[in-house]
Amino acid sequence: MPVLSTSTAKRGRGVVFVLAAAAAMVLIFFAGSAHAGCAGVGESGKDYGCGDVVTESCTFNEDLSCPPGHGLIIGADGITIDGAGHKITGSETADACEWVTAETPEKGYCGILNKGYDNVVIKNLEIENFCTGIAFQGSGQNPVVNCTITNCEIHDNGNATCSSDTSIHGIHLCYVSECTISNSRIHHNTGAGDSCEAGGNGIFLYAGSEAFTNNTITKNEIYDNRKSGFFTKMKLHHARITDNHVYGNGQGGIVLRCRMSNYNLIEGNNASCNYGDGIFIGGENNTIRNNVVRNNIAGFKIGPRDVIGDGDGINMGRSQESNNNSLIANEVCGNEGVDIEVAVGCIGNHGRDNTCDTTTNYNDEGTEGCSNACPEEINAEELAKELTEQGWVMYGTDRCPFCIKQKAEFGDAFKYINYVNCGLEENRQACEDFVRTCKEAGIKEEDIGIPAWISPNGTPYIGYHDLVKLSNLVSEYRAAQPAPTATPIATATPLPISTPTPGFESVLTVIAVIIVTLFFFSRERTCAKKEK
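Since the model is a prediction, treat every value here as computed from it, not as a measurement.

Draft legend 1. Quick peek at the sheet that holds strand β32 (residues 314–316). Judged by pairing direction, the sheet is parallel, and its 12 strands sit side by side in the order β3-β6-β9-β12-β16-β20-β23-β26-β29-β32-β35-β38 without closing on themselves. Strands with a single pairing partner mark the edges of an open sheet, and in this sheet they are β3 (52–54) and β38 (359–360). Sheet analysis places strand β9 (residues 110–114) next to strand β12 (residues 132–137), joined by four bridges and oriented parallel. Counterpart to N114 in the pairing with β12 is F136.

Draft legend 2. Summary view of the state of the cysteines. By the definition in use, this model includes seven disulfides. Each disulfide pairs two cysteine sulfurs, and for C38 the partner residue is C58, the sulfurs being separated by 2.1 Å. Handedness of the C38-C58 disulfide follows from its S-S torsion of about 95°: it is right-handed. With C38 in strand β1 (residues 38–40) and C58 in strand β4 (residues 58–60), the pair connects residues that are 20 residues apart, well separated along the chain.

Draft legend 3. Local environment of the environment of S163. Tracing the backbone shows S163 in the loop between β15 (153–155) and β16 (171–174). Residues S163 and W99, spaced 64 residues apart in sequence, show a C-alpha to C-alpha distance of 9.0 Å.

Draft legend 4. Looking closely at the packing of aromatic side chains. For the structure shown, the criterion picks out 11 aromatic pairs. Summarising the aromatic geometry, the rings of F204 and F231 are spaced 6.0 Å apart at their centres and angled 15° between planes, so their arrangement reads as stacked. Within this pair, whereas F204 is found in strand β20 (residues 203–206), its partner F231 is found in strand β23 (residues 230–233), the two being separated by 27 residues in sequence. The residues F204 and F231 share a single accessibility class, namely buried. Grouping aromatic residues by their ring pairs yields a cluster made of F410, F414, Y419 and W453. The side chain of K227 reaches across the aromatic face of F231, ending 4.2 Å from its centre. Above the ring of Y464, the side-chain terminus of K405 is found at 4.8 Å from the ring centroid.

Rules used throughout
Residues numbered from 1 in each chain as written. Predicted model: local features only at pLDDT ≥ 70, side-chain atom pairs only at ≥ 80, totals over all residues. Heavy atoms only, no water. Pairing = 2+ DSSP bridges. Helix = DSSP H or I, 4+ residues; strand = E, 2+ residues; numbered from the N terminus. Disulfide = S-S within 2.5 Å. Phe/Tyr/Trp six-rings, centres within 6.5 Å; stacked < 30°, edge-to-face > 60°. Buried < 20%, exposed > 50% of the residue type's maximum accessible area, 1.4 Å probe, protein only. Lys NZ or Arg CZ within 6 Å of the ring centre and 35° of its normal.

Set out below in structure tokens:
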């Protein structure tokens, strides 16, 4: 066996020491960055992971994939859970989701469970594959007060194979007051059964008392949920449901089911293309104003006993109980049932300046039926294709309410529109060019906004435009000159939500690279000395 010289042995021990130190540093680095998921922002610096009770504000630094159980449990007032664009994924099963009631969402696995704490904020977080995505659970003596969910995506929660009418939903609120859900996407949540409390609503709100007021549901996109987009029962009072886009849901768009859902405002929503009624009002003295309610579909997607399934536009549907509601300036057209219907025995429902073609037991003030007839139907797909062929481009984002409303005008046909999403970094230059085009056209900077359309000859049209207006613009351009060849806009690819923390295999790879590099460095130094 060859014997190393003393100098060679020393060099060998030095190399081994350097390698060991480097490997240790790499392990420390990766161990230090492999946080549990939500890092505390206080002095403790504690990391919160699956099943933990969170007692301070924390910010996610990686995605969490949780075993059976709750994701995170709120344990203090006044804290903020900031997802920072990350995701928490659960492990729901039918057994875990059984026997949840309207008042006890904690009985099923929840992505975030807040049982009785106030002034909590949950933001910038994606949640999937729990029985319920987010649950705020108060009580008659201790409501959850002033909590917020904003800029979240809650999807694919619930279980369709449950044997009971278990109350599992995208977001489940019970006994809450002054809480807000805003700027979030809530979609593809499911459940089982067809009772009033059965699962699969996008948002389910069990108010519990007329004393719990001023809840706000605003600027959300709520779609393709098994049951309703927004469903409430048990005395919702003085709530604001505004500027939401609610479509493709299985048992109605916006449903105020309870006969004591009173004094609420439903304004500026687009509740179109749902199975069942676009808007259902079960209570009294509600204001339904400036909503677009189109093309809702008959057909019992949930079950044959579904009373909200006949595809009406706006339905005051509880006999002798849906009274004294006010309808103002709603556009209610093309629904498979009746555009505006009032159940037999109801009194005092009134309104003005509504647009519809069909009514039952309802008239606007001073006229029979609605004040305005629905405009002639415009084929959204044909219009979208012609806009693209001529070279029109729409600028917007996926979050701004009027951008959402503009997209809803086209429904599925929006895929044919040349659309630049200014919420994506890769489109920054295109959107800066859009602003420059507006300024060159003489539009003041404070008046430049989205949504906006740029014509083929560079003329900006700022703001939301219905299909009638857009159809007129297309006709005017067509008459003025031959349509140019369209210049397609590349479809923007959203940036990834997060980059996973490297696993242990990645650590071994890095260590191996360091070892090989130092080995060859040592060999080179030895060879260099021999050459001398």
